[in-house]
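Inside the fold
Okay, here's what each chain looks like letter by letter:
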Amino acid sequence: MSEILPSFVNGEWWAPGPEALPGATPVRDASTGELVTRVSTEGLDLGAALEYARDTGQASLGALTFHQRALLLKQFALALTERKDELYELSRRAGATKADTWIDVDGGIGVLFTYSSKGRRELPNATVYVDGPAESLSKDGSFLGRHLYTRLHGVAVQINAFNFPVWGSLEKFAPAFLAGMPTVVKPATPTGYLAEAFVRILVDSGLLPEGSLQLVSGTVPTLFEHLTLGDTVSFTGSASTAERLRQHESVRTGGVRFTSETDSINASILGPDATAGTPEFDAYVKQLVTELTAKAGQKCTAIRRAIVPAESVDAVIDAVRARVDERVIVGDPRDETVTMGPLASIAQRDEVLAQVAKLEEAGGRIVIGATSAPEVVRADGSRGPVPNGAFLSPLLVRFADADAPAVHAIEAFGPVASIIGYDSVPEAARLVGRGGGSLVTSVATHDPAVAAELLGRMAAFNGRVLFLNRDDARTSTGHGSPVPHLVHGGPGRAGGGEELGGIRSVLHYMQRTAVQGTPEILTELTGIWHPGAASESGGTHPFRKSLAELRLGDQVVSPLREVTLEDIETFAEFTGDTFYAHMDEEAAAANPFFPGRVAHGYLLIAWAAGLFVEPAPGPVLANYGLENLRFLTPVSPGDSIRVELTAKQITPRETEDYGEVRWDAVLKNQNDELVAQYDVLTLVAKEQQSPSAG
């Protein structure tokens, strides 16, 4: 590794000259104190890097659709997977055990895979995302409105904490990239060399669109002076720093979007039913110890407050102590027996000890662990103290007063939790709320009524709530593990921000705009055919057209087909659907929705398929569903129906020789009244298929 950790800006690797070396910040191995690298941005033109992202990065990403970006995310994940052993090795220098590394490295790669999959399944193969149905703004349907999302024309800046240098970057990068925004990563200094490593792997892969990802290794004191409308900042760190950044004029009046994930005094409640000996009690204790020791407790989602029934406090302490003694081995992660590594740095260890001292001063009593330097397992397997290592034992602090302000206000960002007792379910929920807003609270209970009461009383204080019991203990992702499918963030003290959450997080990097116009204009803007826009019927049947030949508005208009009482009775007998509305004239007439016996809705849908289908083999490969089905006007014996089927949306699949076509299906009766409407989904070949030889 070079003497000064390089940045990747303006499409190339950059590092300060040797004159910057004396002032560069040293970064040391968390276990041994050995020098790993130095960090400095002296001489870096940050403004030029941001402009490069806005110009070059925006242009390269703007040329791609959601699906094309999603496929690149998968390729990024594969590139990192191929070289993840390099990241594992570096993670050990940061104090990460093998399990810790899986959380950070494999977790980050998993985010890329997830967003690649969700992007291709839930977003169109386009550059605009349509939100909600069209709204008719005129009686004749000539003036419509709907909401569209388009990407922000700026740069997504991420300022990350030291604890997850890979996952913390990739969970922000993936949705921004999918939205079409270039990213600038600013990692925390103590573990920035891990961020540099994963960026280098992606650069080496040759897959990155030009300007889509940059890395600034070091401080960025003038960052906010260079930000403008259209830029975003995602910050992970302390609440005080977040508040200072939020007050910058670029954010307050300049239109820069700012989201933060900050301090969080997360709680875990042991339900009143989860007494010692129950599976819920055991699962609670196991989870509490895991959250104390994973990443040495350096997780924004770690449990800081164990809230348990007053009569169970001693039992929980005893069980936690037994599990720590049995399972936890503190030491250098390069020894395979170690289950908890050091903190990220000596400075971080000292900060944790300072916060523990405050907890003790406020009435807390350490009941598990000690603040003295522990004897640890060294890299060579020997045991003993390591003067330059940032090691600390797991600590559990007991408070007799559950309302002691320190319990709910002081976060020791390490292997430290406090335990307090409660006397009732409402009190447990109230104690959760005293934390001022959290990323997550977990509850161990097998009683649905307890779960429901707690959720109603405390959900508003949390970004996520996890319920743990005997039925999901083996499959639960855990209290401290955000998943890309669900929101990560929390109200109040937790920062009020929001990350992840599936496609929801992609939209954070886009602008929702109300667009009004004619059906023709909205069809052009959205890639979705709107009723009233141009349509064409009577020529080549649309089912005879390949994806390359098919156009929005291509249409089938069928003749009328009469429905008879015999048809209704035959369908009822054949399917077994003898619901009275179809078979009993008197009962049907008494129903306020029907004039008498009526045709089955599914009979009409089946007939509609027969009216619009073109049966010969051709580009249409399969019908794989219909959506948004509504029956609007009943059909009586003697009525007739016809169908209008119109190509509504055409979505090629990037990696297949076919795509999806969504058809607008409308059934009308002989009086031109709307009988039913729905979307038909088909898979259609991209090109005409050659007839087989025979």
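As a starting point, this report considers the structure included with it. (Residues numbered from 1 in each chain as written. Predicted model: local features only at pLDDT ≥ 70, side-chain atom pairs only at ≥ 80, totals over all residues. Heavy atoms only, no water.)

Before going further, it helps to examine the pattern of salt bridges. One pass over the structure, following the stated rule, counts 40 salt bridges. Ionic pairing is found between Lys-118 and Glu-122, a salt bridge with its closest N-O pair at 2.7 Å. Of this pair, Lys-118 and Glu-122 both sit in helix α4 (residues 98–122), four residues apart, which is roughly one turn of the helix. Under the relative-accessibility criterion, Lys-118 is labelled buried at 10%. The partly exposed category is assigned to Glu-122, whose relative accessible area is 35%. Here Glu-249 makes a salt bridge to Arg-252, at a shortest N to O gap of 2.9 Å. Taken as a pair, Glu-249 and Arg-252 lie in helix α8 (residues 249–252) at a separation of three residues, close to a single helical turn. (Salt bridge = Lys/Arg side-chain N within 4 Å of Asp/Glu carboxyl O. Helix = DSSP H or I, 4+ residues; strand = E, 2+ residues; numbered from the N terminus. Buried < 20%, exposed > 50% of the residue type's maximum accessible area, 1.4 Å probe, protein only.)

Take the pairing of strand β17 (residues 395–398) next. Across three bridges, strand β14 (residues 365–368) lies against β17 in antiparallel orientation. Residue pairing across strands places Arg-365 opposite Arg-398, the latter belonging to β17. Of the pairings in the sheet, the one linking β17 to strand β18 (residues 416–422) comprises four bridges and is parallel in character. For Arg-398, the partnering residue across the bridge sits in β18 and is Ile-419. (Pairing = 2+ DSSP bridges.)

A few words now on the packing of aromatic side chains. Scanning the entire structure with this criterion turns up 13 aromatic pairs. When the centroid spacing of 5.3 Å and the interplanar angle of 70° are considered together, the rings of Phe-76 and Phe-177 count as edge-to-face. Of this pair, Phe-76 sits in helix α2 (residues 66–82) while Phe-177 sits in helix α5 (residues 167–179), and the two are 101 residues apart along the sequence. The two residues Phe-76 and Phe-177 agree in class, both being buried. An aromatic cluster is present here, built from Phe-76, Phe-173 and Phe-177 joined pairwise through their rings. A cation over an aromatic ring shows up here: Arg-561 above the ring of Trp-607, its NZ or CZ 3.6 Å from the ring centre. (Phe/Tyr/Trp six-rings, centres within 6.5 Å; stacked < 30°, edge-to-face > 60°. Lys NZ or Arg CZ within 6 Å of the ring centre and 35° of its normal.)

Pairing within the open sheet is mixed, and its seven strands lie in the order β14-β17-β18-β13-β12-β19-β20. Edge positions in the sheet fall to β14 and β20 (462–468), since each of these pairs with one other strand and no more. Neighbour-to-neighbour, the strand axes of the sheet open up by a mean angle of 25°, direction not taken into account. The strands that helix α9 (residues 279–293) touches are β12 (267–270), β13 (305–309), β17, β18, β19 (438–444) and β20; relative to β12, the one it contacts most, it runs at about 160°. (Axes fitted to C-alpha atoms, helices over the stretch in contact; angles between N-to-C directions. Contact = heavy atoms within 4.5 Å.)

Here the focus is the pairing of strand β30 (residues 674–685). Among the twelve residues of β30, ten are classified as buried, and the element is accordingly described as predominantly covered. Taken together, the eight bridges between strand β27 (residues 620–631) and β30 define a ladder with antiparallel strand orientation. Its bridge partner lying in β30, Ala-622 is registered against Leu-683. Judged from the eleven bridges that link them, strand β29 (residues 658–669) and β30 form a sheet pairing that is antiparallel. Looking across to β30, one finds that Tyr-658 is bridged to Ala-685. If you look at the hairpin formed by β29 and β30, you'll find four residues sitting between the two strands, and Asp-672 has a positive phi there, around 65°.

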